[in-house]
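Chain by chain, the residues run as shown.
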Amino acid sequence: MAFIAPKPPQQALDAMHSTFLDLSRNRAFRTPALRNATGPLQLTEPQQVFTLGLSDLVAGKGLDAARPTGWRYLVQEGDNVLASAETVAGPRGEQVFSAFNESRFVDSSAKAMRAVGESPEVAQGGFELRLLNVPGLYVQALWFHETQGKGDLLQPLAPSPVETPGDRPAPAAVLLKELAAKARVPMEAADRTGG
C-alpha cells in the first residue's frame, strides 16, 4: 500500500536524523527493543502529527481544528517495527527531537498500516498518512487525509476507549462523533468543579 508521502520540513528531518544516527551508531538507545536490536535500523513512514483538543471536539469543529504538532517516523529493523521516533515544535517553533516510543500504539500502527491495503477505500489511493492525537481521551488514530476532497478516514489505534472498530478505516465523521460524545464527560465535569 503506497500512501502519498508527506514531506517533513528540513528542520524536522535534521532533528530526527542527527539524534537517530548518533544513537544508532553508538547503540546508545535507552528503550529495550532499540537497545537490543542487532541489525541495521531505519526510519520509515513519516507522518505529520496533529492534536485535537476536547473543546474543539465538543464544538464540532472536526479535523480542520486539529493543530500540527510534530512528526513521527516508524523505526524498523528489517521488516519489524520496533518503535516510533518523534519530533515536536520547540519553544521558538523549530522542530526538535522529542522521544522514542515503544508503546502499544506503535505496534497497532504497524499492524493497521499493513492491513489497510485490503481496504477498498484506501486502496484506490490519494491518501496522505497522518497521525491524529487526542490526548484528553488517550486516543490516537491513523488519519488517511484524502487529497482529492472525497472524505478523510480515521482508524483508531489500540489501546482505545472508543467503540468504532479499529480493524479498518472509517469515515472521519463516525469517529469524530463518538469522540465528541466522550469529550463532553470531562468537559462537563470540569465545568461543574470549576477546573
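Only a predicted model underlies this, so the values are computations on that prediction, with no experimental measurement involved. (Residues numbered from 1 in each chain as written. Predicted model: local features only at pLDDT ≥ 70, side-chain atom pairs only at ≥ 80, totals over all residues. Heavy atoms only, no water.)

Trainee: I tried to follow the nonpolar core on my own but got confused; where do I start?
Mentor: If you look at soluble globular proteins, the nonpolar side chains tend to sit buried side by side. Core analysis: the biggest nonpolar cluster contains 20 residues, and Leu 57, Leu 132, Val 134 and Leu 179 have the highest contact counts within it. Per element, the largest residue contribution to this core is five residues, and it comes from helix α6 (residues 172–193). Those residues within four positions of Val 134 in sequence are excluded, and the remaining contacts are Leu 52, Leu 54, Leu 57, Val 139 and Leu 179. Counting residues in hydrophobic clusters, the runner-up holds 17 residues, among them Met 16, Tyr 73, Val 75 and Leu 82. (Core = buried A, V, L, I, M, F, W, Y, C linked by side-chain atoms within 4.5 Å. Buried < 20%, exposed > 50% of the residue type's maximum accessible area, 1.4 Å probe, protein only. Helix = DSSP H or I, 4+ residues; strand = E, 2+ residues; numbered from the N terminus. Contact = heavy atoms within 4.5 Å.)

Trainee: Help me out: how do you make sense of the pattern of salt bridges in this one?
Mentor: Counting across every chain of the model gives five salt bridges. Here Glu 128 ties to Arg 130 by a salt bridge, and the two come within 2.9 Å at their closest N and O atoms. Accessibility expressed as a relative area gives 13% for Arg 130, which makes it buried. Residue Arg 168 is joined to Asp 167 by a salt bridge in which the shortest nitrogen-to-oxygen separation is 2.8 Å. (Salt bridge = Lys/Arg side-chain N within 4 Å of Asp/Glu carboxyl O.)

Trainee: Help me understand the sheet that holds strand β3 (residues 80–89) in this model?
Mentor: Paired through backbone hydrogen bonds, the strands of a sheet run either parallel or antiparallel to each other. Taking strand neighbours across the sheet as the criterion, the eight strands line up as β4-β3-β2-β1-β5-β6-β7-β8 in an open arrangement whose pairing is mixed. The open sheet has two free edges, formed respectively by β4 (95–101) and β8 (170–171), since each of these has just one partner strand. Where strand β2 (residues 67–77) and β3 come together, eight bridges link them in antiparallel fashion. Residue pairing in the sheet places Val 75 in a bridge with Ala 83 of β3. Packing against the sheet, helix α1 (residues 10–26) makes contact with β1 (41–51), β2, β3 and β4, and its axis sits at approximately 45° to β4. Each of β1, β2, β3, β4, β5 (127–134), β6 (139–146) and β7 (153–156) is contacted by helix α4 (residues 104–115), which is oriented at about 110° to β3, the strand it contacts most. (Pairing = 2+ DSSP bridges. Axes fitted to C-alpha atoms, helices over the stretch in contact; angles between N-to-C directions.)

Trainee: Looking at this structure, how should I read the pairing of β2?
Mentor: Regular strands have side chains that alternate between both faces of the sheet. Taken across its eleven residues, β2 has eight buried, putting it largely inside the fold. One ladder, built from nine bridges, connects β1 with β2; its direction is antiparallel. Each residue of the ladder has a partner; that of Thr 51, found in β2, is Arg 67. Linking two consecutive strands that pair antiparallel, namely β2 and β3, is a turn of two residues; a positive phi of about 65° is found at Gly 78 within it.

Trainee: Help me understand the packing of aromatic side chains in this model?
Mentor: Centre distance and the angle of the planes are the two values used to describe a pair of aromatic rings. Going through the model one piece at a time under the given rule, you end up with six aromatic pairs. Residues Phe 29 and Phe 100 carry aromatic rings whose centres are separated by 5.2 Å and whose planes lie at 85° to one another, so their mutual orientation is edge-to-face. In this pair, Phe 29 is assigned in the loop between α1 and α2 (32–36) and Phe 100 in strand β4, connecting sequence segments 71 residues apart. Residue Phe 100 is classed as buried on the basis of its relative accessible area, which comes to 16%. On the basis of an interplanar angle of 90° and a centroid distance of 6.5 Å, the ring pair of Phe 127 and Phe 144 is categorised as edge-to-face. Of this pair, Phe 127 sits in strand β5 while Phe 144 is found in strand β6, placing the two residues 17 residues apart along the sequence. Summarising the burial analysis for this pair, Phe 127 and Phe 144 share the class buried. The cationic tip of Arg 130 hangs over the ring face of Trp 143; the distance from NZ or CZ to the ring centre is 4.8 Å. (Phe/Tyr/Trp six-rings, centres within 6.5 Å; stacked < 30°, edge-to-face > 60°. Lys NZ or Arg CZ within 6 Å of the ring centre and 35° of its normal.)

Trainee: I tried to follow the pairing of β1 on my own but got confused; where do I start?
Mentor: In terms of burial, β1 is largely enclosed, as eight of its eleven residues are buried. Here β1 pairs with β5 via four bridges, running parallel. From the neighbouring strand, Gln 48 faces β5, where its bridge partner is Arg 130.

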